[in-house]
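Remarks on the overall topology
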Amino acid sequence: MFLLGDVLRRNAAVRPTATALLYRGAATSFEDLHADCHRLAQALLASGVGRGDHVAILAKNSPEYATAYFGCPAAGAILTCVNYRLSERELVYVLGDCEARVLLLDAEFGDTWQRIAHECPRIEHVVLLGDGQRERTTPWREFLAGRPARPPDLELHEDDVALQMYTSGTTGVPKGAMLTHRNLLHNSISAVIGIPITPSATNLISAPFYHMAAGLNLILTLLLGARVLVHRDFN
């Protein structure tokens, strides 16, 4: 059985100090990324998130977003990636449809959240990514602080849903596609056959992590022990 967390576990054991992420001149090692994924999983469980619950993320690309890709499934939760280009009406629909209990929120979208929060009563906790303060939110580092950097004592399966991506809704409302550990890893392994990435490579990802093209590139690059150069957004 092969789970998303095994992507980081192997590299954290074999090459712990190697760079996994580069973002705005700062490097994150495989060891540190792996530890933060466990801290996030432990923090989610402590906040009441249970197996199969949805954790939504409304954010631009960042190391925290990459951490969520692996940390949420480690808690048995489903990470729901929300398109930040949606209208406020569409955001309310997606957040309600996925029944998210926790929102990982980029500070850049704090004003948007304040305007729609009253329409999203299911969300119990908002974790703020980036700089700044917002009422009724918990900063990312505070949310993770004091949590053990070890995997939760959970029995996970490769057919558990790990990620949810919403369609564009061109023929109706957006629909949430559910992707399992097996889906994501087999897709990445298949892509590796045609993409000659070695551990010495650096893969620039400028597409948004809420899109599957960027998400799979993130997974397959880290799977091969290479570096991801995270570009916050493309303009």
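What counts, and at which threshold
Residues numbered from 1 in each chain as written. Predicted model: local features only at pLDDT ≥ 70, side-chain atom pairs only at ≥ 80, totals over all residues. Heavy atoms only, no water. Helix = DSSP H or I, 4+ residues; strand = E, 2+ residues; numbered from the N terminus. Expected span 1.5 Å × (residues − 1). Buried < 20%, exposed > 50% of the residue type's maximum accessible area, 1.4 Å probe, protein only. Axes fitted to C-alpha atoms, helices over the stretch in contact; angles between N-to-C directions. Left-handed = near helix turned anticlockwise from the far one by under 90°. Contact = heavy atoms within 4.5 Å. Parallel < 35°, antiparallel > 145°, perpendicular 65-115°, else oblique. Pairing = 2+ DSSP bridges. Phe/Tyr/Trp six-rings, centres within 6.5 Å; stacked < 30°, edge-to-face > 60°. Core = buried A, V, L, I, M, F, W, Y, C linked by side-chain atoms within 4.5 Å.

With that settled, the discussion passes to the environment of Gly-146. Along the chain, the position of Gly-146 falls in the loop between α6 (140-144) and β8 (161-166). Separated by 103 residues in sequence, Gly-146 and Ala-43 have C-alpha atoms that sit 9.0 Å apart.

Looking now at helix α3 (residues 63-74). Along its twelve residues, α3 runs 17 Å from first to last C-alpha, staying within 8% of the 16 Å computed at 1.5 Å per residue. Of the positions making up α3, those classed as buried are Pro-63, Tyr-65, Ala-66, Thr-67, Ala-68, Tyr-69, Phe-70, Gly-71, Cys-72, Pro-73 and Ala-74. Just downstream of α3, Gly-76 is the residue with a positive phi angle, here 80°.

So, on to the packing of helix α1 (residues 4-14) against helix α8 (residues 212-223). Between two packed helices, the angle of one axis relative to the other and the distance separating the axes together describe the packing. Between α1 and α8, the shortest axis-to-axis distance is 9 Å and the interhelical angle comes to 35°. Two packed elements cross with a definite hand, and for α1 against α8 that hand is left-handed. Counting all contacts with α1, which are made through Leu-4, Val-7, Leu-8 and Asn-11, the residues of α8 involved are Ile-219, Leu-222 and Leu-223.

Next up on the list: the packing of α1 against α3. Their axes nearest at 8 Å, the elements α1 and α3 cross at an angle of 115°. Between α1 and α3, the crossing angle belongs to the class labelled roughly perpendicular. Judged by the sense of rotation from one axis to the other, the crossing of α1 with α3 is left-handed. Taking contact as the criterion, the partners of Leu-4, Val-7 and Leu-8 in α1 are, on α3, Tyr-69, Phe-70 and Pro-73.

In terms of strand pairing, strand β1 (residues 19-23) meets strand β2 (residues 26-29) through four bridges, oriented antiparallel. Across the sheet, residue Leu-21 finds its bridge partner in β2, namely Thr-28. For β1 and strand β11 (residues 227-230), the ladder comprises two bridges, and the chain directions are parallel. If you follow Leu-22 over to β11, its bridge partner there is Leu-229.

The final tally for this structure, using the stated rule, is five aromatic pairs. Ring centres 6.0 Å apart and planes at 35° place the aromatic pair Tyr-65 and Tyr-69 in the tilted group. Of this pair, Tyr-65 and Tyr-69 both sit in helix α3, separated by four residues, roughly a single helical turn. What makes Tyr-65 buried here is its relative accessible area of 0%. According to the relative accessible area criterion, Tyr-69 is buried, its value standing at 1%. An angle of 25° between the planes, with centres 5.4 Å apart, marks the rings of Tyr-84 and Phe-109 as stacked. Here the residue Tyr-84 occupies a position in the loop between β4 (78-81) and α4 (88-97), and Phe-109 occupies one in the loop between β5 (100-106) and α5 (110-116), the gap between them amounting to 25 residues. Accessibility classification places Tyr-84 together with Phe-109 in one group, the buried group. An aromatic cluster is built from Tyr-65, Tyr-69 and Phe-209, whose rings are joined through pairwise contacts.

A separate point is the sheet that holds β11. Strand order in the open sheet formed by four strands is β2-β1-β11-β10, with mixed pairing between adjacent strands. With one partner strand each, in any of the chains shown, β2 and β10 (202-205) form the two edges of the open sheet. Within the sheet, the average angular offset between the axes of one strand and its neighbour, ignoring direction, is 20°. Strands in contact with helix α2 (residues 30-46) are β1 and β2; relative to β2, the strand with the most contacts, it is inclined by about 70°.

This paragraph deals with α2. Between the first and last C-alpha of α2 there are 24 Å, a value that for 17 residues agrees with the 24 Å anticipated at 1.5 Å per step. Most of α2 is tucked away, with twelve of its 17 residues classed as buried. Backbone geometry just after α2 places Gly-48 at a positive phi near 105°.

Counting 75 residues, the largest nonpolar core has Tyr-69, Phe-70, Leu-218 and Leu-222 as the members making the most contacts within it. Once residues within four sequence positions are removed from consideration, Tyr-69 is found in contact with Leu-4, Leu-79, Cys-81, Leu-163, Met-165, Phe-209, His-211, Gly-215 and Leu-218.

What follows is about the sheet that holds β8. Pairing in this open sheet of seven strands is mixed, and the strands run β7-β6-β5-β3-β4-β8-β9 from one edge to the other. Edge positions in the open sheet fall to β7 (138-139) and β9 (176-180), since each of these has one partner strand only. The pairing of strand β3 (residues 54-58) with β5 spans five bridges and is parallel. Each bridged residue has a counterpart across the sheet, and for His-54 the counterpart in β5 is Ala-100.

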